[in-house]
Amino acid sequence: MKCLVCGRTVAEGESKCGFCGFPVILITGEDEGTKKALEEKALEWRKKLLSGISIGTQIFGYEVKNEEYQLKETKTLNLANLPDLKVGVPSWCGELFGFLEEDRTLDLQIVIVNNGNFSNRNISIPLPGVFTEMQVGVLLNEDLSITILGGRPDYYGYSEPIGVLG
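Predicted model only: the values in this text are computed from it and were never measured.

Reading the values: rules and limits
- Residues numbered from 1 in each chain as written.
- Predicted model: local features only at pLDDT ≥ 70, side-chain atom pairs only at ≥ 80, totals over all residues.
- Heavy atoms only, no water.
- Phe/Tyr/Trp six-rings, centres within 6.5 Å; stacked < 30°, edge-to-face > 60°.
- Helix = DSSP H or I, 4+ residues; strand = E, 2+ residues; numbered from the N terminus.
- Buried < 20%, exposed > 50% of the residue type's maximum accessible area, 1.4 Å probe, protein only.
- Patch = residues over 30% accessible without salt bridge, like charges linked within 9 Å, V, L, I, M, F, W, Y side chains within 5 Å.
- Areas by Shrake-Rupley, 256 points an atom, 1.4 Å probe, with all protein chains shown as cover.
- Salt bridge = Lys/Arg side-chain N within 4 Å of Asp/Glu carboxyl O.
- Lys, Arg positive; Asp, Glu negative; His and termini not counted.
- Charge placed at Lys NZ, Arg CZ, Asp CG, Glu CD.
- Pairing = 2+ DSSP bridges.
- Contact = heavy atoms within 4.5 Å.

## What to know about the packing of aromatic side chains
Now for step 1: All told, the structure shown has two aromatic pairs when counted by the stated rule.
Now for step 2: Ring geometry for Phe 22 against Trp 45: centres 5.3 Å apart, planes inclined by 75 degrees, an arrangement best described as edge-to-face. With a gap of 23 residues between them, Phe 22 in the segment before helix H1 (32-50) and Trp 45 in helix H1 connect regions that are remote in the sequence.
Now for step 3: Judged by its relative accessible area of 5%, Phe 22 is buried.
Now for step 4: With a relative accessible area of 32%, Trp 45 lands in the partly exposed category.
Now for step 5: Aromatic side chains Trp 92 and Tyr 156 sit 5.4 Å apart centroid to centroid with 65 degrees between the ring planes, which places their arrangement in the edge-to-face category. Of the two residues, Trp 92 is situated in strand S3 (residues 91-92) and Tyr 156 in strand S9 (residues 155-158); the sequence distance between them amounts to 64 residues.
Now for step 6: Here Tyr 156 falls in the partly exposed class, since its relative accessible area comes to 32%.

What follows is the structure in structure tokens.
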């Protein structure tokens, strides 16, 4: 049986999911009202589980001085608050980033904030084509991991899944 919250397999006879703790609820028949109520409970549980978790990326601002690029500023750009995401639906940052046309890999430092605790992950995203401007997006996977997207909403590359829960 699959957990309604995280999609992981729950062993026969278990009373709750071993990963996210959602209780196993057995129903008989195909009552649409009961099914809808269970889906709403699972969504509430998922939002509670993901509350306080956000995903960002470090961005670097450069300026030209003496014909050389010099780092001017570094800041973290919030990409997504996980409770706001829907499983399987990409969320794109509205900011466009300049990109060198010859680069075919997007290297990012991802910042995961989990209830005030910070962790950084360096990732590389193979790009499917050549971009001069691109966006960064976040996809919440069924197992509650995330995938970082790079490119445009209709044409993008993606990272390996990243676990965000302890």
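And the narrative resumes.
## Points about unusual backbone geometry
Now for step 1: A positive phi is found at Glu 67, a non-glycine position, where the angle reads about 60 degrees.
Now for step 2: Note that Glu 67 resides in the loop between strand S1 (53-65) and strand S2 (68-81).
Now for step 3: Given the relative accessible area of 79%, Glu 67 is considered exposed.
Now for step 4: In this structure, Asn 115 is a non-glycine residue whose phi angle is positive, near 50 degrees.

## Observations regarding a negative patch on the surface
Now for step 1: On the surface, Glu 30, Asp 31, Glu 32 and Glu 39 cluster together into a negatively charged patch.
Now for step 2: Its location among the elements puts Glu 32 in helix H1.

## Some points on the pairing of S2
Now for step 1: Pairing of S1 with S2, which is carried by twelve bridges, proceeds in the antiparallel orientation. Paired with Gly 56 across the bridge in S2 is Asn 78.
Now for step 2: The hairpin turn running from S1 into S2, its antiparallel successor, is two residues long, and Asn 66 in that turn takes a positive phi close to 55 degrees.

## Some points on the pattern of salt bridges
Now for step 1: Inspection of the entire model under this criterion finds four salt bridges.
Now for step 2: The shortest N-O distance in the salt bridge between Glu 40 and Lys 36 comes to 3.7 Å. Linking Glu 40 with Lys 36, this pair stays in helix H1, spanning four residues, or about one helical turn.
Now for step 3: For Lys 65, the salt bridge identified is with Glu 63, shortest N-O distance 3.4 Å.
Now for step 4: For Glu 63, a relative accessible area of 27% puts it in the partly exposed group.

## A few points about the environment of Ile 112
Now for step 1: Here Ile 112 is to be found in strand S5 (residues 105-114).
Now for step 2: A C-alpha to C-alpha distance of 9.9 Å links Ile 112 and Gly 163, two positions 51 residues apart in sequence.
Now for step 3: Not counting chain neighbours up to four residues away, the residues in contact with Ile 112 comprise Ile 53, Ser 54, Ile 55, Asn 117, Phe 118, Ser 119, Arg 121, Ile 162, Gly 163 and Val 164.

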